[in-house]
Protein chains: 2
Amino acid sequence: MEHPENDPKYSGLMVNKGISRPPSVNPYMKKPLRSSTLSVTEYVDGILSGDRVILSRAVTLVESSRPEHQDMAQAIIEKCLPYAGNSIRVGITGVPGAGKSTSIDAFGIHLLKNGHKLAVLAIDPSSERSKGSILGDKTRMEKLSREHDAFIRPSPSAGSLGGVARKTRESIILCEAAGFDYLFVETVGVGQSETAVHSMVDFFLLIQLAGTGDELQGIKRGIMEMADGIVINKADGDNIDKAKMAQRQLKNALHLYPVPESGWIPEVLTYSGFYDIGIDEVWDMVHRYVDFVKLNGYFDRKRKEQAKFWMFESINEQLRNGFYRDPEIAKLLSDLEKEVLCDRKSSFVAAKEALDRYYQRKK
Amino acid sequence: MEHPENDPKYSGLMVNKGISRPPSVNPYMKKPLRSSTLSVTEYVDGILSGDRVILSRAVTLVESSRPEHQDMAQAIIEKCLPYAGNSIRVGITGVPGAGKSTSIDAFGIHLLKNGHKLAVLAIDPSSERSKGSILGDKTRMEKLSREHDAFIRPSPSAGSLGGVARKTRESIILCEAAGFDYLFVETVGVGQSETAVHSMVDFFLLIQLAGTGDELQGIKRGIMEMADGIVINKADGDNIDKAKMAQRQLKNALHLYPVPESGWIPEVLTYSGFYDIGIDEVWDMVHRYVDFVKLNGYFDRKRKEQAKFWMFESINEQLRNGFYRDPEIAKLLSDLEKEVLCDRKSSFVAAKEALDRYYQRKK
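None of these values were measured; they are calculated from a predicted model. (Residues numbered from 1 in each chain as written. Chains lettered and ligands numbered in written order. Predicted model: local features only at pLDDT ≥ 70, side-chain atom pairs only at ≥ 80, totals over all residues. Heavy atoms only, no water.)

**Overview of the overall build of chain A**
Step number 1: The secondary structure content of chain A amounts to 11 helices and 7 strands.
Step number 2: Scored against the burial criterion, the 363 residues of chain A give a buried share of 53%.
Step number 3: When the accessible surface of chain A is totalled, it reaches about 16000 Å², and 52% of it is carbon and sulfur. (Helix = DSSP H or I, 4+ residues; strand = E, 2+ residues; numbered from the N terminus. Buried < 20%, exposed > 50% of the residue type's maximum accessible area, 1.4 Å probe, protein only. Areas by Shrake-Rupley, 256 points an atom, 1.4 Å probe, with all protein chains shown as cover.)

**Points about the sheet that holds strand S2 (residues 118-123) of chain A**
Residues and elements named next belong to chain A.
Step number 1: Ordered by their spatial adjacency, 7 strands build an open sheet running S3-S2-S4-S1-S5-S6-S7, and the pairing between neighbours is parallel. Each having just a single partner strand, strand S3 (150-152) and strand S7 (267-270) make up the two edges of the open sheet. In this sheet, neighbouring strand axes are inclined to one another by 20° on average, regardless of whether the strands run parallel or antiparallel.
Step number 2: Docked against the sheet, helix H7 (residues 240-254) engages strand S5 (203-209), strand S6 (229-233) and S7, running at close to 175° with respect to S7. (Pairing = 2+ DSSP bridges. Axes fitted to C-alpha atoms, helices over the stretch in contact; angles between N-to-C directions. Contact = heavy atoms within 4.5 Å.)

**What about the relation of the copies chain B and chain A?**
Step number 1: After a rotation of 180° and a shift along the axis of 0.0 Å, chain B superposes on chain A with an RMSD of 0.0 Å. One copy is carried onto the other by what is essentially a two-fold rotation axis. Closest approach to the rotation axis within chain B is made by the C-alpha atom of B:Ala253, at a distance of 2.5 Å.
Step number 2: Both copies share a contact surface, since 100% of the interface residues of chain B are interface residues in chain A too. (Least-squares fit on C-alpha atoms with pLDDT ≥ 70 in both.)

**Digging into helix H2 (residues 52-63) of chain A**
Residue and element names in this part refer to chain A.
Step number 1: Helix length check: H2, at 12 residues, gives a terminal C-alpha distance of 16 Å against a target of 16 Å (1.5 Å per residue), a fit within 8%.
Step number 2: Most of H2 is tucked away, with 11 of its 12 residues classed as buried.
Step number 3: Within H2, burial applies to Arg-52, Val-53, Ile-54, Leu-55, Ser-56, Arg-57, Ala-58, Val-59, Leu-61, Val-62 and Glu-63.
Step number 4: Along its buried surface, H2 packs onto helix H1 (40-48), helix H3 (67-80), S3 and helix H5 (161-177).
Step number 5: A side-chain oxygen of the first residue of H2 lies 2.9 Å from the backbone nitrogen of Val-53; this N-cap is Asp-51. (Expected span 1.5 Å × (residues − 1). Polar contact = N/O pair within 3.5 Å; in protein donor to acceptor, adjacent residues only side chain to side chain.)

**Brief notes about a nonpolar patch on the surface**
Residues and elements named next belong to chain A.
Step number 1: Together, Phe-274, Tyr-275 and Ile-277 make up an exposed nonpolar region whose accessible area comes to about 370 Å².
Step number 2: Locating Tyr-275 in the fold gives a position in the loop between S7 and helix H8 (279-295).
Step number 3: With a relative accessible area of 53%, Tyr-275 lands in the exposed category. (Patch = residues over 30% accessible without salt bridge, like charges linked within 9 Å, V, L, I, M, F, W, Y side chains within 5 Å. Salt bridge = Lys/Arg side-chain N within 4 Å of Asp/Glu carboxyl O.)

**A closer look at the pattern of salt bridges**
Step number 1: All told, the structure shown has 29 salt bridges over all chains when counted by the stated rule.
Step number 2: Here B:Arg288 and B:Glu267 are joined by a salt bridge, their closest N and O atoms 2.8 Å apart. With B:Arg288 in helix H8 (residues 279-295) and B:Glu267 in strand S7 (residues 267-270), the pair connects residues that are 21 residues apart, well separated along the chain.
Step number 3: Accessibility expressed as a relative area gives 35% for B:Arg288, which makes it partly exposed.
Step number 4: Across the pair B:Glu339 and B:Lys345 runs a salt bridge, and its minimum N-O distance is 3.6 Å.
Step number 5: You can call B:Lys345 buried: its relative accessible area is 17%.
Step number 6: In the salt-bridge network here, residues are joined through shared partners; they are A:Glu267, A:Asp284 and A:Arg288.

Dropping the structure here:
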């Protein structure tokens, strides 16, 4: 059965892990029982010592929408920030059916065998508390979920992509402080989630499938151009020829673009997640990329750009929320939209009216 | 010499064109002299009757940043709005050197020969009053600038892409009310200008060049996927084979993507703007596209989406301006940015601090 620390149901429990605290509950009970509340210092000490359960509880605090939890989470993050940053962050996306979970399982085991510690996070803005997320579904990452050096969390729910992205980014800080030196952030490509993931990782990996004919399956516009590496899955058995043809097509397509800012020309590989073929080559590519961009300075430059990006993105989202969530403004906008769509008012006049009303109310 | 109405230098003059007003100045003087100010009604009547000089003056009002001009411009636009919409709006982009001006010249003459009236606008956010814009440079559209049924304007200057986009969109309304049934909006691809153009046209045309080897020249990431048609210029003389090869490569690359929302599979053609080869085929493609999307409802749907987009875009830009242009906030942000880049503060904490200060000052 899966390791209890990986199960968020147990995040409220205290399993004795190297800190002098008696276990106060049966760790195999399904309902989480909160033991005595931890202080910020206890959280931070636990995270820095690699305590998986404390890390899990801290991530739960980050994901919570309750103000007292958020205050505590921010305090913990602030203290962990100096210890963050020492990992390789890999974004992983692919259409449903591309075999993401199986692949992450295989990728993860490979990294663990090579002495790394891996955290797997997910961004899925469509996940709601009642449904849960299909990503980070540990039943589908069979091998990884049993490993102590792997930490897997499903996507947080947050009501907006911005909220989910923020919580994921904050969780990254905690995981890095806890000693995880590889981070996956996976997404299924709902809306703008790939863009969000791309803005928080060092390497963006696109998992593709060869198609039925000589076509590739469903590459979303704009995603291919984001990828630092494209890996074509299910290159096994009868499917090998199709996978190789898809590889050629993609290489040709990528060839049309200028060299990206990183200076790295994206590579296209084939592999099989299920049969464990070509996994070494995929990670050799990632390592070569990291060496390359650390050498030419792009690695640090990109991280700085991302930090700035999220500051401004956060500001802009709050500015919009302040406006669009105002009930009177929402009603006015609904009316204005109708007039715009009937050509009775120009878009800009409508916008001005809405803003004038908003700023009037602010006085 | 070029037709005076097409020259914005003369936009302040009254050249007698079908309305009972005596010419009060020498139309060939270089300095614009403002004759008696027109009323809103006179502007609107002039535009609706197709008066090119009045249209030109009205567009100048739209482009002006002076509040009294803007008030008048808005009144004129409001009255012209019911008469707008009856044109095909074509966005045209391509790297410098792709032969955009020569191509627009050839495209334009073709349309005029087929009984249409064409307005050519431009979006170039880098244009400043002192330098002027290289787009809409009528000296480079030799034939078109001499035609009465063509109306050519350089890009407005506006200090921001949002401002330029707004003024262009408002000018579109005026041009359509004046009876132009084809509109070009050209751009050189500075920053996000292609996205702005794509958001205000019906058909997005990308002009490409075949490369020196078997590569295509500089397709910006993200632009290829926006195009409804890609046309490869300079398919003449020795260059024909390269152009044909580039055509094949692009067709293969486009083939990788799913069918766009329009239902129209983007086409790739070759032509020569300079030698007037393949121009008919380019416009046959545009007409087939328009017939297709008018039939399946996408044409109207897209226009409605664009109108909504610009309302929200305008609101969002104003919200941002209200915040970022505040001098105290700007100073604070500069400090916060430094702390974020040194990992002393998380992006989100920094954002919150800035917003808290902003809302405090608003009270």
